[in-house]
Amino acid sequence: MKPGPFFQNSVILTGASLGIGRQLALQLAEKGAWLTLAARSVNKLEEVAAQCRDRGGRAIAVPTDISDAAQCQVLIGRCIEEYASIDTLINNAGIAMRAKFSDLPNLSVMEKVMRVNFWGSVYNTHYALPHLLASRGRIVGIVSGAGFFASPGACGYGASKHAMTGFFNTLRIELAKSGVSVTLYFPDWVSTGISGRANGANGESYGKIISHERGAMSPEKCAQLILKTAARRKREAVSLRDNLGRIFAPLTPGIIDKITLKAFAEPE
């Protein structure tokens, strides 16, 4: 195994049991990383950890609900207990919603999405930061185009991703002289099945993969791009489509609104 940026690098990865997270774990293992894997699904997490060990990495599975600050603190502690340091924190875990704000009977779904996507990232970053400062490590946030565009039909998801963007961009400035890098990755649609698992207005899964996810980028390719960006400690990586949107949005806001509506809202 050829040493690289993640060789014997102590990495905490959330949302590691499926989708992009699973691919990140497997690819990091092939690079010789020392992994602390977090997710709620115990069995799936253990399977991924075993696959990582088979691929040459070290890996421990720490079942964690990142919406709970105390469990995040335990996660960080287990990593230190096992590897004595934290070199990289990848905030990947996230959940989605598929419901208009006017259709919500109460705010429980929005609160759940915010706790997982935003507060989960904040909790883990808070507890890991002293160790990352010591190692001059990396912080990575997996966001989405919803981090800077509106997301009709998924207002809580968009709000959580906007919040992540604001938090990590601010943190980057605050840590500018510390040696700790903060990288945000904004993937376009990725075929992970997240739209089918999205919370509907009543809190139950939406139950079907929306058209925009079908045939989208594979989780394998997305993970490759994330690790390439993180290895270089880049500020951010944004898809071509979203970059064009950011350029033209101030000039043609009405047109961008229509494009965004089509991108996020499944036809009736």
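Scroll up to find the structure.
Since we're looking at a predicted model, the values are computed, not measured.

Caption draft 1: Focus on the pairing of strand β6 (residues 181–186). The element β6 is largely enclosed, with a buried count of six among its six residues. Side chains of β6 alternate between two faces, with Ser181, Thr183 and Tyr185 and Val182, Leu184 and Phe186 buried alike. Alignment of strand β5 (residues 138–142) against β6, held across five bridges, turns out to be parallel. Pairing of Val140 across the sheet is with Thr183, part of β6. Each parallel crossover has a hand, and for β5 linked through helix α5 (residues 155–174) to β6 it is right-handed. Direction of pairing for β6 relative to strand β7 (residues 236–238): parallel, over a ladder of three bridges. Opposite Leu184, over in β7, you have Glu236 as the bridge partner.

Caption draft 2: Just the packing of aromatic side chains, in detail. For the structure on display, the rule yields five aromatic pairs. Site record: aromatic cluster; members linked through ring pairs are Phe118, Trp119, Tyr123, Phe167 and Phe168. Across from the ring centre of Phe6, 5.3 Å away, lies the NZ or CZ of Arg138, which sits over that ring.

Caption draft 3: Focus on helix α1 (residues 19–30). In a regular helix each residue adds 1.5 Å, so 12 residues correspond to 16 Å; α1 covers 17 Å between its end C-alpha atoms and thus fits that length. Judged by how many residues are buried, α1 sits mostly within the fold: 10 of 12 residues are covered. Those residues of α1 not exposed but buried are Gly19, Ile20, Gly21, Gln23, Leu24, Ala25, Leu26, Gln27, Leu28 and Ala29. Where α1 is buried, its residues meet β1 (10–14), β2 (34–39), α2 (42–54), β4 (88–91) and α7 (219–231). In the stretch just after α1, Gly32 is the one whose phi turns positive, near 85 degrees.

Caption draft 4: Structural view of the sheet that holds β6. With parallel pairing, seven strands are arranged side by side in an open sheet as β3-β2-β1-β4-β5-β6-β7. Whereas interior strands pair on both sides, the edge strands pair on one side only; in this sheet they are β3 (58–63) and β7. Each adjacent strand pair in this sheet contributes to an overall mean axis angle of 15 degrees, direction not counted. Pairing of β4 with β5, which is carried by four bridges, proceeds in the parallel orientation. If you follow Asn91 over to β5, its bridge partner there is Gly141. Contacting β1, β4 and β5, helix α4 (residues 108–135) runs over the sheet at an angle of about 175 degrees to β4. On top of the sheet, α5 reaches β4, β5 and β6; it is set at about 155 degrees to β6, its chief contact.

Reading the values: the criteria
Each chain has its residues counted from 1, running along the sequence as written. Reporting of local features is limited, given that this is a predicted model, to residues whose pLDDT is at least 70; pairs of side-chain atoms are given and counted only at 80 or more, and all residues count toward the totals for whole chains, interfaces and linings. The basis for the side-chain values is all heavy atoms of the structure; hydrogens and waters are excluded. Each residue is placed in one exposure class: buried if its accessible area under a 1.4 Å probe, protein chains only, is under 20% of its type's maximum, exposed if it is over 50%, and partly exposed if it falls in between. Where helices and strands are cited, they refer to DSSP runs of H or I of at least four residues and of E of at least two residues respectively, numbered from the N terminus. Note on pairing: DSSP must find at least two bridges between two strands before they are called paired. We call a crossover right-handed when, viewed with both strands directed away from the observer, the connection leading from the first strand over the helix to the second proceeds clockwise. Pairing of aromatic side chains requires ring centres within 6.5 Å, counting the rings of Phe and Tyr and the six-membered ring of Trp. Pairs whose planes differ by under 30 degrees are stacked, by over 60 edge-to-face, and all others tilted. When the NZ atom of lysine or the CZ atom of arginine is within 6 Å of a ring's centre and also within 35 degrees of its normal, the charge is said to sit over that ring. Expected span of a helix: the number of residues minus one, times 1.5 Å. Residue contacts are defined here by distance: any two heavy atoms, one from each residue, within 4.5 Å place the two residues in contact. Here an angle of 0 to 180 degrees is reported between the N-to-C directions of two axes, which are lines fitted to C-alpha atoms, with helices fitted over the stretch in contact.

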